[in-house]
Every structure is written in structure tokens, then in C-alpha cells.
Amino acid sequence: MNGPDRRCAVLGDPISHSLSPLLHGSAYAALGLDGWHYDRVRVDIDGLADFIHSLDLSWAGLSLTMPLKKAVGSLGAFRDYWSRTLGVANTAVFEQGGPANGLSLYNTDVEGIVAALLEAVDRCRADGDPDDLAALLEAAGQGRQDQLPRKPYGGARALVIGNGNTAESAFCALKVLGVKRVDLLVRNPEHCDHMLDLASRLDLPTPVVVAMDQGEKAKGALSKADIVVSTLPSGAADPLADLLSTAETREARASGVKAIDERPANGKEANADERFGPVLLDVVYDPRITPLMGVFCGIPGARAISGERMLLYQAVRQVALMTDRPLAAVPAAAMDRALREA
């Protein structure tokens, strides 16, 4: 399917590790979009406006990662539920007429986290029915908790590690999943007022805030949580892995307990009514199995899922928005295969 050349890219700093070009490129190939190209471009906050203003009419959209998700807000208009709620966007789509006519901004991180956590307990599949996946992503993206098909996390206790833009999206995702409370484990507790305000706006109880360097308190916060979402950059959560690591977890890890991403794509699913142990989503995907994931894999009944899965599911609506296609038409299964084979 030939057509005019169109360009998209992921922006951030650092950016060389990004797997977004793999995901978007595999979608373009499956859709027959021969003239579409998706790159990664290193851009910091100071250079964001100049970069966007330099783009020509061939550009269709941008993905935004650290540290640009909040900074882009001054350059466009928030168009969906979660970008308006948080003032944070990971997706920019150019209005008709190109970059000079403005940006439409969206937040697909929330639905990406929701879908990744549901996949962790076998309630979501990228290679399943496209209409079912689209319905799930639509419900999560619009904050419609009542329209999620299944709610395995209802009443659970969650812990978010970090207090940045992705942590805010994690709070929203956990609210959609029906948890009863979300607490915080952070490097700088004095910088958490915005997270306390967000919890209030989401009608969640006031979070307990624990500093990562508080040893036993930090370990206690981790051990009490049914769901842990680490939003820290690569390496920053490693001290928590050391804190939790024991001879028992190392022995279990050596015996072959595997992370979600290490299981075959066609592996046996858990029974829909099966009870599950603690679940960890680490948004980092370089390395694919982080030290914190490794420790969780040694906890009996626990499940650990890599940030690759969040990346996949947040990219589905990005592709739909940038190529102007229905959500169910996005080839999520082809994107998933490309990610697993990389």
C-alpha cells in the first residue's frame, strides 16, 4: 500500500534505548504503510519547542518520554481524559495542516499500565480478539472502571515507587483497576504534595509516604503491597532489590521461577478464578529483567512484568492516533511478536 511519506518519532533524553521504533515500525509493516517512518530523536526540555517548530508537513505525530511529558503541555491542547486530568502527555498528533497548526496531546500511559497489569494475571492478551483489546483500552483510557471486563485487583493494596509523571499515570491506572489504596515509596518524600493531591482527586485514601532509604520501613511497604509499580529510571530501584534479596529468593530464582516476559507467548494461562501472589510492574525495559524483577520472581506465587508490556499497550492507541485508524484495526499481535523476537 503505497502513499505519501509520513514521519513520526519518539523524543526524549536519553533515547537510544527506546523500543518504540520497533513497535511502530512493525505496525506500519503489518498495515502496509510503506512510506511511513518512525525514528528516535534525542531532545531535551530546552530544545523541545524549537524541534517541533522545525518540522514540516510530512510529520504525523510524536511519542514523548522522559523528561518531556509535562513540558509538551505548553505547546498543544490536551484532548483526552487522562491528559486533561494530569496535564501530562506521552503522545502528540499534528493538527490538519501540520506542526504549524498545533498539537493534539494524549496520555496513553494509563491504559498501557492497566493492560500490562491485567496481562500479568492472564486477563489481557495482545494476540487475542482485537475488539476485546480495543474495548479494554478504550475503557481504561477514559477512566471507565465500570466497563473493564474483569477486575482481578478489586480491593487490593498497591505501592507506587517514584513520584514523577509516570507515577501519576500509575496512580490513575490503579484507580481504574479498583484498588483500595495506593501508597508511595520515594527517594524524596518532601516532593510528594502533588501525589497526595492526585490521590484526593481520584478519591483514594491519603497515601502513606515512605523514603527508600528508610530500610525496614521501605521493606515493610513492599511486603504489604499486593501490587507494586516501579516508575523509577533504570538502576534507581536496584537498592530495593538488595533490600528484599534473601537466600530463599535467590534459591527460588536459581530453580527456574520465571518472569512473565520469560514465559512462552502461547504458555498455559492461569485459571480465571485463581488467587495470585504479589505482582510487580517495573516500567524499565533495559535491562528486560531488572534486579527488582529478579527478586520478585523468587517470592512464592509472585509475578513480575517488564516495562516492555506497558510500552506495547500504550503504543497501540499511539499508532491509531498517528495513522488515523480505529483502535481495533491496529495490529497489536504483530507488534507483540516483534517485541518478543527482538
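Since this is a predicted model, take the numbers as computed values, not measurements.

## Description of the overall build of the chain
- The secondary structure content of the chain amounts to 13 helices and 12 strands.
- Across the 342 residues in the chain, those meeting the buried criterion constitute 54%.
- At a minimum sequence separation of 6, the contacts of the chain that also span at least 24 residues come to 74%.

## Quick word on the sheet that holds strand β10 (residues 227-230)
- Pairing in this open sheet of six strands is parallel, and the strands run β9-β8-β7-β10-β11-β12 from one edge to the other. Edge positions in the sheet fall to β9 (209-211) and β12 (303-306), since each has one partner strand and no second. If you compare each strand with its neighbour and ignore which way they point, the axes differ by 20 degrees on average.
- Strand direction decides the pairing type here: strand β11 (residues 279-282) and β12, joined by four bridges, are parallel. From the neighbouring strand, V279 faces β12, where its bridge partner is R303.

## Let's talk about the layout of surface pockets
- By volume, the largest pocket amounts to about 880 Å³.
- Forming the walls of the largest pocket are 38 residues, and the residues nearest its centre are T65, M66, T166, T231 and V283.
- Elements that contribute at least two residues to the lining of the largest pocket include exactly β3 (59-64), α6 (165-176) and α12 (307-323).
- Grouping the amino acids of the lining of the largest pocket by side-chain chemistry returns 16 nonpolar, 18 polar and four charged.

## Details of helix α13 (residues 332-341)
- What α13 keeps buried is the set A332, A334, M335, D336, A338 and L339.
- Where α13 is buried, its residues touch α1 (20-31), α5 (130-141) and α12.

## Brief notes about the pattern of salt bridges
- With the rule as written, the count across this model stands at 14 salt bridges.
- In this structure, the salt-bridge partner of R125 is D127, at a minimum N-O distance of 2.9 Å.
- The exposure class of R125 is partly exposed, given its relative accessible area of 31%.
- Since its relative accessible area comes to 39%, D127 is described here as partly exposed.

## Thoughts on the sheet that holds strand β1 (residues 6-12)
- One open sheet accounts for six strands, arranged β2-β1-β3-β5-β6-β4; its pairing is mixed. Looking at the sheet topology across the chains shown, the edges are occupied by β2 (36-42) and β4 (77-78).
- In terms of strand pairing, β4 meets strand β6 (residues 103-106) through two bridges, oriented parallel. Bridge pairing links F78 to L105 in β6.
- α12 rests against β1, β2, β3, β5 (91-94) and β6 of the sheet, and its axis sits at about 10 degrees to β5.

## As for the nonpolar core
- Membership of the largest hydrophobic core comes to 78 residues, with the highest contact counts inside it found for V114, L117, Y153, F171, L174 and I227.
- Element by element, the count of residues in this core is highest for α12, at nine residues.
- Judged by nonpolar contacts, the second largest core, of 24 residues, contains L185, A218, V228 and A237.

Thresholds, definitions, all that
Residues numbered from 1 in each chain as written. Predicted model: local features only at pLDDT ≥ 70, side-chain atom pairs only at ≥ 80, totals over all residues. Heavy atoms only, no water. Helix = DSSP H or I, 4+ residues; strand = E, 2+ residues; numbered from the N terminus. Buried < 20%, exposed > 50% of the residue type's maximum accessible area, 1.4 Å probe, protein only. Contact = heavy atoms within 4.5 Å. Pairing = 2+ DSSP bridges. Axes fitted to C-alpha atoms, helices over the stretch in contact; angles between N-to-C directions. 1 Å grid on protein atoms, 1.4 Å probe; cavity = no way out; pocket = protein on both sides within 12 Å on 5 of 7 lines; lining within 4 Å. Points joined across faces, edges and corners; volume = space filled by probe spheres on them. Nonpolar A, V, L, I, M, F, W, Y, C, P; charged D, E, K, R; others polar. Salt bridge = Lys/Arg side-chain N within 4 Å of Asp/Glu carboxyl O. Core = buried A, V, L, I, M, F, W, Y, C linked by side-chain atoms within 4.5 Å.

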